[in-house]
Amino acid sequence: MLFRVSSTLLLLIIISVFLINGCNPVDKNHHQIRTKEVPDDLGQISALPDTCRYSADNPYSIEKKELGRLLFYDPILSGRKDIACATCHHPEFR
């Protein structure tokens, strides 16, 4: 019985080592991959531009604006057809 407990414990230790070691991303040469650093000054980054430019061959129209609004709130565009863009992208946080 003691041998069985020891072999089980040894197996758990080996599995734990593999799981812990597998959590660190490494390249083919087994060097740890550095993650991309986030810049310190994020104040210059914005999600949307303040103004929008329209090309001469595709000018602005009220109809296009309304179509965009309808599509933004329509869940049928999602993969499972149950989540609209506005579910995550809140227009009031623009």
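Residues numbered from 1 in each chain as written. Predicted model: local features only at pLDDT ≥ 70, side-chain atom pairs only at ≥ 80, totals over all residues. Heavy atoms only, no water.

**Quick look at the overall build of the protein chain**
Looking only at helices and strands, one finds two helices and zero strands in the protein chain. Evaluated residue by residue, the protein chain yields a buried proportion of 4% over its 94 residues. Approximately 9700 Å² of the protein chain is accessible, and the part contributed by carbon and sulfur atoms is 62%. (Helix = DSSP H or I, 4+ residues; strand = E, 2+ residues; numbered from the N terminus. Buried < 20%, exposed > 50% of the residue type's maximum accessible area, 1.4 Å probe, protein only. Areas by Shrake-Rupley, 256 points an atom, 1.4 Å probe, with all protein chains shown as cover.)

**What to know about unusual backbone geometry**
In this structure, Lys 81 is a non-glycine residue whose phi angle is positive, near 60°. With respect to the helices and strands, the residue Lys 81 is situated in the segment after helix H2 (62-72).

**Concerning a nonpolar patch on the surface**
Taken together, Leu 67, Leu 71, Ile 76 and Leu 77 make up a surface patch of nonpolar side chains, about 380 Å² in accessible area. Relative to the helices and strands, Leu 71 is located in helix H2. Taking the relative accessible area as the measure of exposure, Leu 71 reaches 36% and is therefore partly exposed. (Patch = residues over 30% accessible without salt bridge, like charges linked within 9 Å, V, L, I, M, F, W, Y side chains within 5 Å. Salt bridge = Lys/Arg side-chain N within 4 Å of Asp/Glu carboxyl O.)

**A closer look at the packing of aromatic side chains**
Across all of its chains, the model carries two aromatic pairs by this definition. Ring centres 5.4 Å apart and planes at 55° place the aromatic pair Tyr 54 and Tyr 60 in the tilted group. The partly exposed category is assigned to Tyr 54, whose relative accessible area is 48%. Centroid distance Phe 72 to Tyr 73: 5.3 Å. Interplanar angle 85°. Geometry classified as edge-to-face. Judged by its relative accessible area of 26%, Phe 72 falls in the partly exposed class. (Phe/Tyr/Trp six-rings, centres within 6.5 Å; stacked < 30°, edge-to-face > 60°.)

**Brief notes about the pattern of salt bridges**
Applying the stated criterion across every chain yields a total of two salt bridges. One salt bridge connects Arg 69 with Glu 66, and the closest N-O pair in it is separated by 2.7 Å. With Arg 69 and Glu 66 both in helix H2 and three residues apart, the pair spans about one turn of that helix. Judged by relative accessible area, which is 43%, Arg 69 ranks as partly exposed.

**Some words on the environment of Lys 81**
Taking relative accessible area as the criterion, Lys 81 reaches 52% and is therefore assigned exposed. Each residue touching Lys 81, except ones within four places of it in the same chain, is listed here: Pro 75 and Ile 76. (Contact = heavy atoms within 4.5 Å.)

**Points about the state of the cysteines**
Between two cysteines, a covalent bond joining their sulfur atoms is known as a disulfide. Counted under the stated rule, the structure contains zero disulfides. Take Cys 85: it sits in no disulfide, and the sulfur closest to it among the cysteines is that of Cys 88, at 8.8 Å. (Disulfide = S-S within 2.5 Å.)

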